[in-house]
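Working through the structure, step by step
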Amino acid sequence: MASKLWATRAASYLKISFQYRGFATVIKDLKYADSHEWVKVEGNSATVGITDHAQDHLGDVVYVELPDEGAEVKQGASFGAVESVKATSDINSPISGKVVEVNTKLNDSPGLVNASPYESGWIIKVEINNADEVKSLMDPDQYSKFCEEEDAKH
Amino acid sequence: MAVSQTRNLGLPLINLLRLKGVPILQQLHLEERLLRTSSDNWCIINDGTIDPTIVMGVSGKPQELLEIESILRDDIPVIRRFTGGGTVIVDQGTIFVTFICNKDTVPGLQSYPQPIMSWSSLLYKKVFQGIGDFRLRENDYVLGDRKFGGNAQSITKNRWVHHTSFLWDYEISNMGYLKLPKRAPEYRQARDHLEFICRMKDYISRSSFIDSTIEAVGSEFLLRSAELEDAHCTLGSKFEPSSRLLRKQELGEAIFKSLTASQS
């Protein structure tokens, strides 16, 4: 594939060994967005974070830009960012609603996003507007397949 | 001419915007607007900026990175930019090259930080072919073991920006405004700025670097010359860029923070 040739050429030039990590962890009972965020819905409350696939591809997170409590989030729109390897990367909300809590531990320990993306690395909690929005998200099996296909294309 | 046009068929289109001496804050605002509100690909080359200016990454802490008292004394502007990465001091000797692309523009490129940086390093490798020992080393552009360009990125759902400030030349005295950063690549080995960086002018002329960069970009994209007015026309008016000048009061508060931190 052109992408693998390009990646191999880059790796050879950069003199780095190229190891595929294997499949990223996916958790049951969560729903997933194609921009690699997860959401856990419990009643009209939701917890949001980024997936293991995302944290693995982003590299070591050194900073998380959190929204303010009370901010409105919209499905598919950016609400914050993570910084890793000199890059800021948008975090997009898988669900619409109002931010009721942010994970302030990430201010001092941004690496929680890498170490525990589905648990202590959660990013925001949201009071959701419309539970039906979840239907447009992927279930764990669909997301696993999506990640495999995306990695295979590049 | 007809042959080169035929060869270019199938390459993605990129708008080439050549600027000279545009203030860095204005450049950053333009980049952020184009990232967020344009759907075109852009290559911006700004040949020097008018006033010496310090530019920190999005999470930079002035008390850790800057000699604030000297900066306040000498009235040096300090900007916090929208991309990640470290701190640079830029002036007329700096050449800026920026790429703003849709995520599917470069075939096979995943829009994550390391793949984007690997792609850009291969492009710049063409520029420095036969000129110096260029490589991407721990996310820095180096000639040998000396850094000559600071690069950083911002990645959205469907687009990304990769920008570099190249040290074609620099003032030794300006480097005195920057502290040794806590987060540094291993190859730096605690070297201070003057032992760690090098001048691109020792390797290549200013015009050759710009011409070779444009040629390298032209090998991967179909170039379309653009003017600043073209860039402004495409922009959505509601968007507010986040890159900003830090107020003197903020820098003063940072001195206080560093004093209280050292006393605790």
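Criteria and thresholds
Within each chain, residue numbers correspond to sequence positions counted from 1 in written order. By the order in which they are written, chains take letters starting at A while ligands take numbers starting at 1. In view of the model being predicted, local features appear only for residues whose pLDDT reaches at least 70, and side-chain atom pairs are presented and counted only at 80 or more, with totals across whole chains, interfaces and linings using the full set of residues. Computation of side-chain values: all heavy atoms of the structure, hydrogens and water removed. UniProt positions are given in the numbering used here, feature names are shortened, and annotations may be inferred rather than shown by experiment. Only DSSP runs of H or I with at least four residues qualify as helices, and only runs of E with at least two residues qualify as strands; both kinds are numbered from the N terminus onward. The buried label goes to any residue with under 20% of its type's maximum accessible area, the exposed label to any with over 50%, and the partly exposed label to all in between, with areas taken from a 1.4 Å probe on protein chains only. For the area figures, the Shrake-Rupley method with a 1.4 Å probe applies, and any residue is considered shielded solely by the protein chains shown. It only takes one pair of heavy atoms within 4.5 Å for two residues to be counted as in contact. Defined here as a combined quantity, buried area equals the accessible surface (1.4 Å probe) lost by two parts on assembly, summed across both. Each reported salt bridge corresponds to a side-chain nitrogen of Lys or Arg within 4 Å of a carboxyl oxygen of Asp or Glu. We define a polar contact as two N or O atoms separated by no more than 3.5 Å, with the added condition that, inside protein, one atom must be a possible hydrogen donor and the other a possible acceptor, whereas residues neighbouring each other in sequence contribute only through side-chain atom pairs. Asp, Glu, Lys and Arg are counted as charged, while Ala, Val, Leu, Ile, Met, Phe, Trp, Tyr, Cys and Pro are counted as nonpolar; the rest, among them Gly, fall into the polar class. To define a nonpolar core, start from buried Ala, Val, Leu, Ile, Met, Phe, Trp, Tyr and Cys residues and group those joined through side-chain atoms within 4.5 Å. For two strands to be treated as a pair, DSSP must find at least two bridges joining them.

Per an unreviewed UniProt entry, chain B goes by the name BPL/LPL catalytic domain-containing protein and belongs to Rehmannia glutinosa.

Chain A goes by Glycine cleavage system H protein in an unreviewed UniProt entry, where it is assigned to Rehmannia glutinosa. In its Subunit (unreviewed entry) section, the UniProt record describing chain A reads: "The glycine cleavage system is composed of four proteins: P, T, L and H." Quoted verbatim from the Function (unreviewed entry) heading of the UniProt record, the comment on chain A is "The H protein shuttles the methylamine group of glycine from the P protein to the T protein."

This next bit is on the overall build of chain A. Broken down by element type, chain A carries 5 helices and 9 strands. When its helices and strands are written in sequence order, chain A yields α-β-β-β-α-β-β-β-β-β-α-α-β-α. Per-residue burial for chain A yields a buried fraction of 49% across its 154 residues. Split by element, the accessible area of chain A, about 7900 Å² in all, is 48% carbon and sulfur.

As a further point, take the interface of chain A and chain B. On the chain B side, the residues contacting the 31 residues of chain A number 34 residues. For the pairing of chain A and chain B, the buried interface totals around 2600 Å² over both sides, and the portion due to carbon and sulfur atoms is 56%. Taken together, the links from chain A to chain B amount to 2 salt bridges. When the shortest N-O distance is used, the salt bridge between A:D90 and B:R36 registers 2.7 Å. Here chain A is connected to chain B by 13 residue pairs in polar contact (both at pLDDT 80 or more). For the side of chain A that touches chain B, the secondary-structure elements that each account for two or more residues are α1 (2-14), α2 (52-58), β4 (61-65), β6 (78-84), β7 (87-92) and α5 (140-153) of chain A. Here the side of chain A that touches chain B is built from residues that sort into 10 nonpolar, 12 polar and 9 charged.

This next bit is on the nonpolar core. Ranked by size, the top nonpolar core spans 37 residues in total, and within it B:F99 and B:F209 carry the most contacts. In terms of residues, this core owes the most to one element, helix α5 (residues 113-127) of chain B, which gives 6 residues. Setting aside residues no more than four positions away along its own chain, B:F209 makes contact with B:I95, B:V97, B:V127, B:F128, B:F166, B:M200 and B:I204. Core analysis: the next-biggest nonpolar cluster, separate from the first, contains 26 residues, A:V39, A:L106, A:I124 and A:V126 among them.

Looking now at the pairing of β6(A). Residues and elements named next belong to chain A. Summarising burial for β6: 6 of the 7 residues are buried, a large majority. Pairing of β4 with β6 involves 4 bridges; the strand directions are antiparallel. Residue pairing across strands places Y63 opposite E83, the latter belonging to β6. Note: β6 against β7, 6 bridges, orientation antiparallel. In the sheet register, S78 faces β7, and the bridge partner there is N92. Remark: 2 residues form the turn of the hairpin made by β6 and β7, two consecutive strands paired antiparallel; V85 in that turn has positive phi of roughly 45°.

Okay, the UniProt feature "domain: BPL/LPL catalytic" (unreviewed entry) in chain B next. The UniProt record annotates "domain: BPL/LPL catalytic" (unreviewed entry) at residues 39-225 of chain B. Here residues 39-225 of chain B is 25% helix and 31% strand, with 16 Å between the C-alpha atoms at its ends.

This next bit is on the sheet that holds strand β1 (residues 31-32) of chain A. Residues and elements named next belong to chain A. Spatially, 6 strands are ordered β1-β2-β3-β9-β8-β5 in an open sheet, and the strand pairing comes out antiparallel. If you trace the sheet from one side to the other, it starts and ends with β1 and β5 (72-73), each paired once. Bridging between strand β3 (residues 45-50) and strand β9 (residues 124-128) involves 4 bridges; their strand directions are antiparallel. Bridged to S45 within β9 is E127.

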